[in-house]
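# Coordinate analysis (summary)
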Amino acid sequence: MACNVNCYNVASGSSSSTSLPSLSTSESNVNLNYLPDEILEFIFTYLPPYGDLEHCSLVCKRWQAIVKNLVRRAKLNLEKGLSDFRLRWEIFNQQQSSATAGSIIAGRFAHSAVRQGNSMYVFGGGSSSDTTFNDLWRFDLTHMRWARPVATGTYPSPKGSASMVAWRDQLVLFGGWRYPSLHPPYQPWCLFDELHFYDLGKNRWLLRSSLSCPPPMAGHSATVHGDRMVVFGGYQIKDDVNVNSNDTWVLDLNEQRWYQPLFVGNTRPSPRYGQIQIELDKNHLIVVGGCGGANRVYTDAWLLDMSRDVWSWKVLAVRNKKFGAVHMWCNPGCKVNNFLVVVGPSPTMPQDFQMMKHHRVPMAGGRGPPPNQNYPLQNQLRIPDRRAADGPLGGLAPLRLGGAAAAPGGARAGGLAPGEQYLANRRVILNQNMQQAQQFMHNNNVNNNNNNINYQPRSGRLIDLHAPTLPRPLNPPPPAAIPPAPVPADGDIDAAQRLQRNLALRCRDNEPRLPKRFDELYEDPFRMAAFNVHTRSRSASRDHSERIRRMEEKMNAIRNSRRSAPAIAAAAAAAPAAEPQAAAALRAPSPKRLRCNVQSLFVCDISKILQSNDTDPGLDWVEYRNFGVLNGAPDRLILSSLIAGNGELILFGGVHKETLTDITHHVSNSIHFLSVPRDII
């Protein structure tokens, strides 16, 4: 039966009922004080580690000691789970929990989030329709529900990528950007230098403006050190020009004034935005990652020493970079005791449609495939050959997928070493293509048909370079014995050419000497392969663009089907039994495919940065397992928020990166909790 424990609040004298797991017993009432401390601690792990545990700690001294030990153990287990990657993801389904509450936050990205006490506060951010918010939401971590406080005062402007920190019983909001207005069109993005304070007790916004303040900025980072807020970097507007910044600004929270500190020397981080800034202690902070513009993504780390009147920057050594995060400018991170935790994509994890095989072309030598290997469609496909335009085949030469190619003029290269055999056959093929090109250019000049130039791919078998040539039979069949083939239409010729190229590319897995190029048009055999690519015609470019467009539509359809798979599966489960075929058609994709492009976990040890005996302080990325992908990992999102809770991490919001180029973005409003698996007694 379910046991309800009355938790008495010693301070206020009121009581609240907390539901605990059911215990199987024959008695009508159970006294939990008869249970050992280990069993009580295990029961308390099923409670949210926030308000309910605080209430339980007020029952008696024994429960207070058990709750204190539980909180300490939860922190140690989280650190141990981060170092061993023994964690799990859990998603909060707010549609079911908010059915009675009636409050559901809209999906958003580039928002600001901070935890204060037993609540998580979220402000602003971008939406799926190119708009920004200026609303403030509170998520009750004890009862797991959203609420929007009814605030008074001067509201901030709708914006995203603003910094929000908690100081005492207030929230400090600064900076941000806003989407341009649609009327009039072609307006630039708007940056803000607004400074707002939100009083949590009075639910009131207060705007603070001063004469000396930083320029309008967004994408900056901020941390609180005592009674001062330190702001670094960001995307700013200086002299009507948008630039990246590496300036440092300090806000005195008591006096509410801005100032810039003095620094020793010119050593400082490069201008950047979107970096991760975490507090080490009252006089030290570190800045990790960031973006300085196109193709300038940083993975370095810097230490700011604020212990003296004149501050100083120091670059930190980053060790084990192959296990570290690479895109730290659009992915969130937070501090958990002695660890820096970053959530983002893994650079070494294979993605969909990714080619993992690369080849180089050696100069000579090596061995080809077996000479008696059978190929499909052997000696059955004919392609147009300009060398035989006047021959009995009517311009169609057989595409030989097996056998050896004979050199023209009866030349043979028998009895040669493998390396010499390869070079000899290569020279023969180059001479054939040179003669073909000269004859083709001569025919074009004679017929004055330069507007319809259509180079043909090289004919022959790719393994002929390494196979020894066979002697010509003594009595070869006369040419007239081969029946003439009808001249195919243009569509058949194009299909034959495509099939030839596809077959040639397939057999290249057994041929390491040839370059992996998709354009085999002959132009100059002695030029570099990187520059020996023929220019596409306009019609070919249009066909290529059309194929790319169709492939993009197909990939977008696959992504949309994956995102709608949970809803489709729920509809299939709710379908009546009379429609088994319809329910079978609404099956979710396989779990193996759903694990592609998910969030990975990266952990960095920062415990050695402030050690006095360490001559080379730095960061140490922890070696991950399974590319950092944990059980129940969410889909890949960017511009989300990650904050530290009591023995857990909380990930909220974000936008799917694959949909940034679409008209409507796929924005998330889900909450994911990262915690240690519960121990079993």
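Since the structure is predicted, the reported quantities are computational estimates derived from the model, not experimental observations. (Residues numbered from 1 in each chain as written. Predicted model: local features only at pLDDT ≥ 70, side-chain atom pairs only at ≥ 80, totals over all residues. Heavy atoms only, no water.)

### Topic: the overall build of the protein
Within the protein, the regular secondary structure consists of 10 helices and 35 strands. Taking as baseline every contact in the protein between residues at least 6 positions apart, the subset at least 24 positions apart corresponds to 61%. Looking at the protein as shown, the accessible area adds up to about 38100 Å², and 53% of this sits on carbon and sulfur atoms. (Helix = DSSP H or I, 4+ residues; strand = E, 2+ residues; numbered from the N terminus. Contact = heavy atoms within 4.5 Å. Areas by Shrake-Rupley, 256 points an atom, 1.4 Å probe, with all protein chains shown as cover.)

### Structural notes on the environment of V264
Within the secondary structure, V264 is located in the loop between strand 22 (262-263) and strand 23 (276-281). Classification of V264 as exposed rests on a relative accessible area of 51%. Between the C-alpha atom of V264 and that of W313, which follows or precedes it by 49 residues, the distance is 8.0 Å. In this structure, V264 is in contact with V310, W311 and S312, ignoring residues within four places of it in sequence. (Buried < 20%, exposed > 50% of the residue type's maximum accessible area, 1.4 Å probe, protein only.)

### Section: the packing of helix 1 (residues 37-44) against helix 3 (residues 61-84)
Helix-helix packing: each pair is described by the crossing angle between the helix axes and the interaxial distance. Taken N-terminus to C-terminus, the directions of helix 1 and helix 3 make an angle of 60°; their axes are 10 Å apart at the nearest point. By the angle between their axes, helix 1 is oblique relative to helix 3. The element helix 1 and its partner helix 3 pack so that their crossing is right-handed. Contact with helix 1, carried on its side by D37, L40, E41 and F44, involves R62, W63, I66, V67, N69, L70 and R73 of helix 3 and no other residues of that element. (Axes fitted to C-alpha atoms, helices over the stretch in contact; angles between N-to-C directions. Parallel < 35°, antiparallel > 145°, perpendicular 65-115°, else oblique. Left-handed = near helix turned anticlockwise from the far one by under 90°.)

### A look at the nonpolar core
One finds L82, I286, L601, I606, L619 and W621 to be the most contacted residues of the largest nonpolar core, which totals 43 residues. Broken down by element, this core gets its largest block of residues, five residues, from strand 28 (residues 339-344). If we ignore the near neighbours within four places in the chain, the residues touching I606 are I278, L280, I286, K335, N337, N338, F339, L340 and L619. (Core = buried A, V, L, I, M, F, W, Y, C linked by side-chain atoms within 4.5 Å.)

### Side note on helix 3
Structural remark: α-helix, 3.6 residues per turn; residues separated by three or four positions point the same way. With 24 residues, helix 3 should reach 34 Å at 1.5 Å per residue; the first-to-last C-alpha distance of 34 Å fits that figure. Within helix 3, burial applies to W63, I66, V67, L70, L78, E79, G81 and L82. One or two steps after helix 3, the chain reaches F85, where phi turns positive at roughly 55°. (Expected span 1.5 Å × (residues − 1).)

### Comments concerning unusual backbone geometry
Residues other than glycine seldom take positive phi values, yet R168 does so here, at roughly 55°. Overall, R168 belongs to the exposed group, its relative accessible area being 52%. Despite not being glycine, N337 has its phi angle at roughly 55°, a positive value. Mapped onto the elements of the fold, N337 is located in the loop between strand 27 (333-336) and strand 28. In this structure N337 comes out as partly exposed when scored by relative accessible area, which is 37%.

### What to know about the packing of aromatic side chains
Taken as a whole and judged by the stated rule, the model has 17 aromatic pairs. With a centroid separation of 5.3 Å and 70° between ring planes, the pair formed by F44 and W63 is classed as edge-to-face. On the criterion of sequence distance, the pair formed by F44 in helix 1 and W63 in helix 3 is long-range, its members being 19 residues apart. Ring geometry for W137 against W146: centres 6.3 Å apart, planes inclined by 85°, an arrangement best described as edge-to-face. For W137, a relative accessible area of 9% puts it in the buried group. Here a set of aromatic residues connected by ring pairs shows up, and it is made of F92, W137, F139, W146 and F652. Over the ring of F133 we find R108, and its NZ or CZ is 4.3 Å from the ring centre. (Phe/Tyr/Trp six-rings, centres within 6.5 Å; stacked < 30°, edge-to-face > 60°. Lys NZ or Arg CZ within 6 Å of the ring centre and 35° of its normal.)

### Some points on the sheet that holds strand 5 (residues 119-126)
Judged by pairing direction, the sheet is antiparallel, and its four strands sit side by side in the order 4-5-6-7 without closing on themselves. With partners counted over all chains shown, the strands left at the sheet margins are strand 4 (112-116) and strand 7 (145-147), one partner each. With direction set aside, neighbouring strand axes in the sheet form an average angle of 25°. (Pairing = 2+ DSSP bridges.)

### So, a nonpolar patch on the surface
Residues L262, V264 and V310 make up a contiguous nonpolar surface patch of about 270 Å² in total accessible area. Its place among the elements puts V310 in strand 26 (residues 310-319). (Patch = residues over 30% accessible without salt bridge, like charges linked within 9 Å, V, L, I, M, F, W, Y side chains within 5 Å. Salt bridge = Lys/Arg side-chain N within 4 Å of Asp/Glu carboxyl O.)

### What to know about the sheet that holds strand 16 (residues 221-225)
Backbone hydrogen bonds hold the strands of a sheet together, and the pairing may be parallel or antiparallel. Taken in spatial order, the four strands of this open sheet run 16-17-20-21, and their pairing is antiparallel. The open sheet terminates on both sides in strands that have one partner only, identified here as strand 16 and strand 21 (257-259). Strand-to-strand twist in this sheet, taken as the mean axis angle between neighbours without regard to direction, amounts to 25°. The sheet contact formed by strand 16 and strand 17 (residues 228-232) spans five bridges and is antiparallel. Considered in strand 17, the bridge of T223 is made with V230.

### Some words on the pattern of salt bridges
All chains considered together, the criterion is met by 14 salt bridges. The partner of K238 in a salt bridge is D247, and the shortest N-O contact between them spans 2.6 Å. Residue class for K238 comes out partly exposed when judged on its relative accessible area of 33%. A salt bridge links E553 to R549; the shortest N-O distance between them is 2.4 Å. Note that E553 and R549 are positioned in helix 7 (residues 538-563) at a spacing of four residues, about one turn of the helix. Looking at E553, the relative accessible area reads 45%, which means it is partly exposed.

### Remarks on helix 1
Along helix 1, the residues that are buried comprise L40, E41, I43 and F44. Buried residues of helix 1, viewed axially, fall in a sector of 160°; they line one side. (Arc of directions from axis to C-beta.)

### Side note on the side chain of N669
Positionally, N669 belongs in the loop between strand 34 (649-652) and strand 35 (671-675). Within polar-contact distance, the side chain of N669 engages the backbone oxygen of I105 at 3.0 Å. (Polar contact = N/O pair within 3.5 Å; in protein donor to acceptor, adjacent residues only side chain to side chain.)

### A closer look at the environment of D635
Note that D635 resides in the loop between strand 32 (618-621) and strand 33 (641-644). By relative accessible area, which is 40% here, D635 ends up partly exposed. Along the sequence, D635 and P345 sit 290 residues apart, while their C-alpha atoms lie 9.7 Å from each other. Excluding anything up to four places from it in sequence, D635 contacts N597, V598, Q599 and H656.

### Describing the environment of G81
Turning to its location among the elements, G81 is positioned in helix 3. Along the primary structure G81 and V676 are separated by 595 residues, whereas in three dimensions their C-alpha atoms are 6.2 Å apart. In contact with G81, not counting residues within four places along its chain, are R86 and L87.

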